[in-house]
Each structure stands twice: as C-alpha cells, then as structure tokens.
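Descriptive analysis of the structure
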Amino acid sequence: MRKKIAAGNWKMNTTLDEGLKLASEVVHMAKDESLSETTIMMSVPYTHIESIKKTIGNATNVFIAAQNCHQELSGAYTGEISAAMLQNLGVDCVVLGHSERREYYKETYAELESKTQIVLKHQMTPIFCCGEKLATREENAHFDLVKEQLSSSLFELDAVEFAKVIIAYEPVWAIGTGVTASDEQAQEMHHFIRHTIAKNYSDSIAKQIPILYGGSVKPANAQTLFSCPDVDGGLIGGASMDAQGFIDIAKSF
Ligand code: PEP
C-alpha cells in the first residue's frame, strides 16, 4: 500500500505570523480521525521551519518540507541553504526541481542530481518534480521529456536510495493557471512514470514509489484525480494557502 500524500507548497508566501496561523489551523484539522492514514505535508519558507516544527509537535500525520536546498555541502554560496542546515532543523522532505526553479533559476539536470543525492545523504526525502510545458505536450514530446528529466537526475541512484524518493508530476501549463490536467492525462503520465521506473529498477520499486500530481488541484477536482490508480496524492500550491481547502483536499482520498 503506497502512502496517500497531500503536500502543500507555500512558495514565497506568508510572513512568519501568517504562516504560523495557517500551520496551526492545518495541524488542528489534521487531527480528524479520517486523516490518520494520510500524510499531510507543508513545504514552507525556510524562515518558518523552526517555529512550524514546534506547531506540528507530536502530530504523527503532519510533516514539514523545504522548497529547495543547495547541492554543495557548505561554503561560499551567499544566500543559499544546505542540506545539513535543513536536516538540523528536523525537515522531513525537500522539494527539488520545481518548474519555477528550473525556469527562473535555471536549475540543470546535473544540479538536480547532486541535490537529490545530498538530500538523501542527509536522511531527508526528496520530492522530485518533473513535468512538461504546453508547447512540449503540443509536440507530443511530453513522455520523452519526463523520461529525460527522471533519467538525467535520478536514475544514477542505486535501488535502495531511489526507493526513498517521492515524485511529483506537475505539468507546467497547469501550475497556478486554474487549468488542471484531466484525470486521463494525469493517470496516463503517472502510469508512464511508474512503467519507466519499473524498467530501470524493478516492478516492486515502481509499485512502492508515491507519485503526486500537481497543477491547480482544488477541493472540487481532488477526488477524481486521487482516485486514479497511479495518482498517490497531490502537490498543492494556491489551494494549500487556505487551511480548510487544503484539508478538504487531504480528505479526498
Ligand atoms: C505548485 O506550486 O507546485 C502547484 C501545483 O501550484 P498550484 O496548485 O497553484 O497550481
């Protein structure tokens, strides 16, 4: 049985006060009995991590993620954050290769490979994002691109390490646009990703890796998306900024 995961990506939103209010509402609502088997995650700004960890306290179904980390261990990289710093704060997961970072900060396949490895070395779980732009889908090159994103940055991992990764398929044309992939489009790509993993590793690893869908997930569309056999949950941007909406999404499994 794969984990069911609702992961909120707060991006560069909320002051610490606003973030603490949102996190405490989420933690409170996550106590609902129906969510005891659901993994609820908040990917928050670095400045909020320590305080939100305290807010989460001993909740067993709520976890904290960072939105990036640097690929080097330490050094002269002004403004960056290291895996050791995140691990030391008790971060559980690190989102890597979000399309906004690939686009605005020109993150390369090689950098993402190093980031994935360093996150794993520090006992945190990478949430590795992949997904195509609209033009790529229109050229019918989306499967090739996603395969390239996975193989270029992940497939050098050995099976034991790879089995710890969470994948998020996020078609760029669906992020923050209000346009969601259809259930068929999501299932087709998630199935393809699982098949690609099976070919490179094994059926049993492919069956155990959670693959999240991201791109304009809302309470109104989460249920049908999450009922697709290869969709194990969502990476949720805009809709995670409202505690009730986010929890409604988490209750959609
Ligand atoms: C995201 O930021 O990863 C995302 C999927 O955003 P949204 O849900 O707003 O489309």
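Residues numbered from 1 in each chain as written. Predicted model: local features only at pLDDT ≥ 70, side-chain atom pairs only at ≥ 80, totals over all residues. Heavy atoms only, no water.

Regarding its fold elements, the protein chain presents twelve helices and eight strands. A compact globule built from 253 residues should have a C-alpha radius of gyration of about 18 Å, and the protein chain, at 17 Å, falls within 12% of that. Based on the C-alpha atoms only, the size of the protein chain along its principal axes is roughly 45 × 45 × 35 Å. Looking at the protein chain as a whole, 51% of its 253 residues are labelled buried. Across the protein chain, every contact between residues at least 6 apart in sequence was considered, and the portion connecting residues at least 24 apart equals 71%. Element-wise, carbon and sulfur atoms account for 51% of the exposed surface of the protein chain, whose accessible area totals about 11500 Å². (Helix = DSSP H or I, 4+ residues; strand = E, 2+ residues; numbered from the N terminus. Rg over C-alpha atoms; globule rule 2.2 N^0.38 Å. Buried < 20%, exposed > 50% of the residue type's maximum accessible area, 1.4 Å probe, protein only. Contact = heavy atoms within 4.5 Å. Areas by Shrake-Rupley, 256 points an atom, 1.4 Å probe, with all protein chains shown as cover.)

This next bit is on the site of the ligand. Lining the immediate surroundings of the ligand are 14 residues, of which Lys11, Glu170, Gly176, Ser216 and Gly237 lie closest. A distance of 2.6 Å is found between an oxygen atom of the ligand and a backbone nitrogen or oxygen belonging to Gly176. Measuring from an oxygen atom of the ligand, one finds a backbone N or O atom of Gly238 at 2.8 Å. Bound to the protein, the ligand loses 96% of the 290 Å² it would expose on its own. For the shell around the ligand, a count of residues per class yields four nonpolar, eight polar and two charged. (Near = heavy atom within 4 Å. Polar contact = N/O pair within 3.5 Å; in protein donor to acceptor, adjacent residues only side chain to side chain. Nonpolar A, V, L, I, M, F, W, Y, C, P; charged D, E, K, R; others polar.)

With that out of the way, let us pick up the pattern of salt bridges. Evaluation of the coordinates by the stated rule reveals eleven salt bridges. When the shortest N-O distance is used, the salt bridge between Glu161 and Lys164 registers 2.7 Å. Here Asp230 and Arg194 are joined by a salt bridge, their closest N and O atoms 2.6 Å apart. With a gap of 36 residues between them, Asp230 in the loop between helix 11 (219-226) and strand 8 (233-236) and Arg194 in helix 9 (residues 183-200) connect regions that are remote in the sequence. Across this residue pair, the class does not change: Asp230 and Arg194 are buried. Through salt bridges that share partners, Arg2, Arg194, Asp230 and Asp232 make up one connected network. (Salt bridge = Lys/Arg side-chain N within 4 Å of Asp/Glu carboxyl O.)

To continue, consider the nonpolar core. Nonpolar side chains in soluble globular proteins generally cluster together in the buried interior. Ranked by size, the top nonpolar core spans 67 residues in total, and within it Met42, Phe162, Ile167 and Ile193 carry the most contacts. Formed by twelve residues, the second largest nonpolar core is a distinct cluster that contains Met41, Ala65, Ile166 and Leu212. (Core = buried A, V, L, I, M, F, W, Y, C linked by side-chain atoms within 4.5 Å.)

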